[in-house]
Amino acid sequence: MKWIVSLLFFLVFASSTYSQSSKSSTVIQEISIDSLRLFIRQLSGDTSTVIGGAAYTILSRHKNQAGNDKAAQYIFEKFSSYGLITELDSFSITGKNVVGTKLGVRFPNKYFIVCGHFDTMPSGPTSPGADDNASGTAAVIEIARVLSKFSHDYTIKFIAFDEEEQDLIGSHHFAARALSRSDTILGVINLDMIGFDGNNDGKVDIHSKAVANTVQIANEIFANVAEHSLQLIPRIVASLPYSDHESFLRRNFGAVLIIEDAGDFNPRYHTVNDRFQFLNIPYAHRITQLTAATAQEFIRLNPATSIAKNDNQVDPMQFNLFQNYPNPFNPSTHISYRLNEAGIVQLKIYDVMGREVATLINESKSAGTHSVTFDTNSIDGGLNSGIYIYSLKINSPNGSFVQNRKMTLLK
Ligand SMILES: [Zn+2]
């Protein structure tokens, strides 16, 4: 019996890690640099496009310019063409967000958001905003194009916000309504200025804050750079309140901002020269791949959980394996988890090849929150820097559940 249980555990674990990495690799490959480049050029007026069946060149997306409504229509038509439920979320005479929704097949009422603002500065008739923020908007559209082809357990919303440049009006409107409806938001990734990398060093900032699951989202993004071998150098920094993620943080929703390195910031920002020709498209492409792979992790049940013994409709949010802290770590880190009921708990560490590194817990535990320290000094021969997976398995009267998370040892 014991042998069967551990064999089952191994199969469950193996299937979860392999199917996860193969599926997100597919998404990484499908994010196209050519379509990303074209969307940025069309949004920033570097080339014309077709909107409402007629040729049009978007010269300005400032809220008071005709191109702002045209850009909203352009995004609307893109989302619709991918089969998304698409809405114009109007909040004033001039303001409208564009929201594309792909419903989850099992938990349609819980959603993840990938967003960016499409309006621009300066206020005149020439306001290309190629970096700020055609780059992020184009990434949102490209991620929508790719993720719309897959079915997922949770809903994902792709949102292009308007009037970010007027103190985040569009995102405040959306987040306030989400809060008043008591929406369950699994997390937000906001992309704002992901196209400029003047020295081509690949540095990218991830803005994080201790609000809801923000730190976990930031850590996932950080770990995915290495996991998918993306040529980026991520840095997690304290969140600044100058883009649309702030509207969510302020209402206690987990939200991060991904933005180009603050030390190599676009010098043409908010000028008539924020043009396509000054962008680093391979850099924007890698950030788009990173965002797509991370977002997909948040809208899929762990495949292991879905084959749990008794009830394949159990929502894994019913028990929580929290992100380790600190992360990245050296030499030790804390891992916490919460049980809604007593059960037999097994917590193991694996390397990315699926080899077991350590067993931290293997005993029954009461309901409530528990914590354990993982100290790499206790491992014979030590451990190399890299990504490790910690896997929590719970056997309770209601079934058996597994949840995995990643952590990074950085020596
Ligand atoms: Zn911006």
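See the structure shown above.
Basis of the calculations
- Residues numbered from 1 in each chain as written.
- Predicted model: local features only at pLDDT ≥ 70, side-chain atom pairs only at ≥ 80, totals over all residues.
- Heavy atoms only, no water.
- Axes fitted to C-alpha atoms, helices over the stretch in contact; angles between N-to-C directions.
- Helix = DSSP H or I, 4+ residues; strand = E, 2+ residues; numbered from the N terminus.
- Parallel < 35°, antiparallel > 145°, perpendicular 65-115°, else oblique.
- Left-handed = near helix turned anticlockwise from the far one by under 90°.
- Contact = heavy atoms within 4.5 Å.
- Nonpolar A, V, L, I, M, F, W, Y, C, P; charged D, E, K, R; others polar.
- Phe/Tyr/Trp six-rings, centres within 6.5 Å; stacked < 30°, edge-to-face > 60°.
- Buried < 20%, exposed > 50% of the residue type's maximum accessible area, 1.4 Å probe, protein only.
- Lys NZ or Arg CZ within 6 Å of the ring centre and 35° of its normal.

Caption draft 1: Geometry of the packing of helix α3 (residues 66-81) against helix α4 (residues 130-147). The geometry of α3 relative to α4 is characterised by a closest axis approach of 9 Å and an angle of 15° between their N-to-C directions. In terms of their interaxial angle, α3 and α4 are classed as roughly parallel. Note on packing geometry: the crossing formed by α3 with α4 is left-handed. The segment α3 lies against α4, with Y74, I75, K78 and F79 engaging T137, V140, I141 and A144. Of the residues assigned to the contact of α3 with α4, the class counts are six nonpolar, one polar and one charged.

Caption draft 2: Representation of the packing of aromatic side chains. All chains considered together, the criterion is met by nine aromatic pairs. Where F107 meets Y154, the ring centres are 5.0 Å apart and the plane angle is 25°; that geometry is what we call stacked. On the criterion of sequence distance, the pair formed by F107 in strand β5 (residues 107-117) and Y154 in strand β6 (residues 154-161) is long-range, its members being 47 residues apart. Residues F107 and Y154 agree in their burial class; the two are buried. Both rings, one in F174 and one in F248, keep their centres 6.3 Å apart while their planes meet at 50°; by these two values the pair is tilted. Within this pair, whereas F174 is found in helix α5 (residues 169-180), its partner F248 is found in helix α7 (residues 245-249), the two being separated by 74 residues in sequence. For the pair F174 and F248, one class covers both residues: buried. Here the basic side chain of R41 rests over the ring of F276, its NZ or CZ set 5.7 Å away from the ring centre. Over the face of the ring belonging to Y111 we find K157, whose NZ or CZ atom lies 5.1 Å from the ring centre.

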